[in-house]
Amino acid sequence: MNIVIIKYNAGNIRSVQFALQRLGVEPVITADPEAIKTADKVIFPGVGEASTTMDYLRETKLDQLIVSLKQPVLGICLGLQLMCKHSEEGNTDCLGIFDEEVKRFIPAPGEENIHKVPHMGWNTITNLKSGIFDPSLDNQYVYFVHSFYAAIGPHTAAATQYTQPFSAALHKDNFYATQFHPEKSGPVGAKILKNFIEL
Amino acid sequence: MLAKRIIPCLDIKDGQTVKGVNFLDIKSVGDPVELGTLYAEQGADELVFLDITASHEKRKTLVELVQRIARHINIPFTVGGGVSELSDADALLAAGCDKLSINSAAVRNPQLIDQMAKGFGSQFVVTAIDAKYENGKWTVFVNGGRIATDKELFSWAKEAQERGAGEILFTSMNHDGVKTGFACEALAQLSESLSIPVIASGGAGNMEHFKDVFTKGKADAGLAASIFHFKEIAIPDLKKYLTDNNIPVRL
């Protein structure tokens, strides 16, 4: 099993690497297009700001590479958002793999102190679809840290409730993505990563 | 529904976990990685590792420990006490920590919050505030509670939020280590004045104190050290108690 984590100017790569190691897999961390193209599975992590990260992906042509991939790809957190059509964060066009729009959480008036932003902590996932989930994961808690979210849409593969329901995961063809951090979500997250590895 | 978080805090000195009473009189209570792993298995939602010697002795080398923690622990963790400039933050993030907590360094150089939020995102930046209630106001202290400043808790927390902090970790020095409950009144006021999450710290002595901090204190997370380290409260029991009291927690 040859798993590549795409190396680029976004944090959190180390945590994903360690999570895979705990599952007995040694990932390769690289920005080399050939290595990414020929991998069995590709992970596209990301923590950071959408528009500057998109600029970087365009400069390095990683944007074209990612959309052309045929093997299973898993985007995590900002990775999910960048795989969508457009993000309000820095008002940027993104990779357009998923049709969903990325918006900022806006608490209802008077609820600013109830629905704090960022949405930070453990929340439950429901309405699970796609091969990275299985019935045992329904309604389980996973770890989120984000201020922007992908709306519910045709590619929603898991839903979570905050200021309103949003896409906790997306899936289309060989592209999978989670808004939460499976690498930080305890045994539940480890199961999701294991399911991805075994796709 | 977003769960309330239970966060054991591991104070680190010379690579060992310690817990002081009122910030002084330190006793060693074990290996941080071993303790952290145990807490994660028991259902802790997050961990905080604070190098309590760092700002006093200017020691910065947490990187190796952070990497060892990240390798073993599958829940989020925050590291504090070793960050006084952007390059420290960079090294600790690269080593695998999820959030950085800044305290004295942020008071001395508030722009550090802006720089870190811009460089790594607000979600990385926890602003920790140690404050003491004296003469009718909450005064902010630095250097592990040793030095009083001219800052006041509520306005400083608000400023930190505006500069880009993603969370506030408020420790009441009046309550810390004395186990008579959290500073619920001040916490509620703080939580209501902010739009970012508040982590309550200082004063946990029994399970009811956690119920109170999430209801009366309106905190998003409750942090404690000694009651967990000395096995006075087991995390699974605490979470069951909170669930029985209709407080959403991750089981």
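Structural notes, computed from the coordinates. (Residues numbered from 1 in each chain as written. Chains lettered and ligands numbered in written order. Predicted model: local features only at pLDDT ≥ 70, side-chain atom pairs only at ≥ 80, totals over all residues. Heavy atoms only, no water.)

## Comments concerning the sheet that holds strand β6 (residues 92-93) of chain A
Residues and elements named next belong to chain A.
So, step 1. Reading across from one edge, β6-β5-β7-β10 is the order of the 4 strands in this open sheet, with mixed pairing throughout. Across the chains shown, the open sheet's two edge strands, defined by having one partner strand only, are β6 and β10 (148-150).
So, step 2. Judged from the 2 bridges that link them, strand β5 (residues 86-87) and β6 form a sheet pairing that is antiparallel. Its bridge partner lying in β6, H86 is registered against D93. (Pairing = 2+ DSSP bridges. Helix = DSSP H or I, 4+ residues; strand = E, 2+ residues; numbered from the N terminus.)

## Examining the state of the cysteines
So, step 1. The tally for this structure, following the rule as stated, stands at 0 disulfides over all chains.
So, step 2. The thiol of C84 of chain A is not disulfide-bonded; the next cysteine sulfur, from C94 of chain A, is found 7.2 Å away.
So, step 3. Take C184 of chain B: it sits in no disulfide, and the sulfur closest to it among the cysteines is that of C9 of chain B, at 18 Å. (Disulfide = S-S within 2.5 Å.)

## Looking at the packing of aromatic side chains
So, step 1. For the structure shown, the criterion picks out 17 aromatic pairs over all chains.
So, step 2. Measuring from centroid to centroid gives 5.4 Å for F105 of chain A and F166 of chain A, while their planes differ by 80°, and the two rings are edge-to-face. Note that F105 of chain A is positioned in the loop between β7 (101-104) and β8 (119-124) and F166 of chain A in strand β12 (residues 165-172), a separation of 61 residues in sequence. Accessibility assignment for this pair places F105 of chain A and F166 of chain A in one class, buried.
So, step 3. An aromatic cluster of three or more residues is present, and its members are F105, F144, Y149, Y162, F166 and F180 of chain A.
So, step 4. Its guanidinium or amino end placed over the ring of W122 of chain A, R250 of chain B lies 3.6 Å from that ring's centre, counting from NZ or CZ. (Phe/Tyr/Trp six-rings, centres within 6.5 Å; stacked < 30°, edge-to-face > 60°. Buried < 20%, exposed > 50% of the residue type's maximum accessible area, 1.4 Å probe, protein only. Lys NZ or Arg CZ within 6 Å of the ring centre and 35° of its normal.)

## With respect to the packing of helix α1 (residues 32-42) of chain B against helix α3 (residues 63-72) of chain B
All names here are of chain B.
So, step 1. The geometry of α1 relative to α3 is characterised by a closest axis approach of 10 Å and an angle of 30° between their N-to-C directions. With respect to each other, α1 and α3 are oriented roughly parallel. Judged by the sense of rotation from one axis to the other, the crossing of α1 with α3 is right-handed. Between α1 and α3, the residues in contact are P32, V33 and T37 and L65, R68, I69 and H72, respectively.
So, step 2. Looking at the contact of α1 with α3, its residues break down into 4 nonpolar, 2 polar and 1 charged. (Axes fitted to C-alpha atoms, helices over the stretch in contact; angles between N-to-C directions. Parallel < 35°, antiparallel > 145°, perpendicular 65-115°, else oblique. Left-handed = near helix turned anticlockwise from the far one by under 90°. Contact = heavy atoms within 4.5 Å. Nonpolar A, V, L, I, M, F, W, Y, C, P; charged D, E, K, R; others polar.)

## Looking at the sheet that holds strand β4 (residues 73-76) of chain A
All names here are of chain A.
So, step 1. Strand order across the open sheet formed by 7 strands is β2-β1-β3-β4-β13-β12-β11, with mixed pairing between neighbours. Strands at the two margins of the open sheet, each flanked by one partner only, are β2 (28-30) and β11 (156-161). Direction aside, neighbouring strands of the sheet carry axes that sit 20° apart on average.
So, step 2. Relative to strand β13 (residues 175-178), β12 runs antiparallel, the two sharing 4 bridges. Each residue of the ladder has a partner; that of H171, found in β13, is Y176.
So, step 3. Helix α6 (residues 186-197) rests against β1 (3-6), β3 (41-44), β4 and β13 of the sheet, and its axis sits at about 140° to β3.

## Observations concerning the pairing of strand β5 (residues 77-80) of chain B
Residue and element names in this part refer to chain B.
So, step 1. Taking every second residue as pointing to the same face, both faces of β5 are buried, with F77 and V79 on one and T78 and G80 on the other.
So, step 2. Sheet analysis places strand β4 (residues 47-51) next to β5, joined by 4 bridges and oriented parallel. For L47, the partnering residue across the bridge sits in β5 and is F77.
So, step 3. One ladder, built from 3 bridges, connects β5 with strand β6 (residues 99-102); its direction is parallel.

## Observations concerning the interface of chain A and chain B
So, step 1. Across the contact, 28 residues belong to chain A and 36 residues belong to chain B.
So, step 2. Surface buried jointly by chain A and chain B totals about 2,600 Å² across both partners, of which 53% is contributed by carbon and sulfur atoms.
So, step 3. Looking only at chain A, the three residues that lose the most surface to chain B are K116, M120 and W122 of chain A, adding up to 27% of its buried area.
So, step 4. D220 of chain B is the salt-bridge partner of K116 of chain A, the closest N and O atoms lying 3.3 Å from each other.
So, step 5. Between chain A and chain B we count 16 residue pairs in polar contact (both at pLDDT 80 or more) in total.
So, step 6. Secondary structure elements with two or more residues in the side of chain A that touches chain B: α1 (13-22), β8, β9 (141-146) and α6 of chain A.
So, step 7. Top element by residues in the side of chain A that touches chain B is β8 of chain A. It accounts for 6 residues.
So, step 8. Residues belonging to the side of chain A that touches chain B are distributed by class as follows: 11 nonpolar, 11 polar and 6 charged. (Buried area = accessible area lost by both parts, 1.4 Å probe. Salt bridge = Lys/Arg side-chain N within 4 Å of Asp/Glu carboxyl O. Polar contact = N/O pair within 3.5 Å; in protein donor to acceptor, adjacent residues only side chain to side chain.)

Geometric descriptors of this kind do not, in isolation, establish any biological role.
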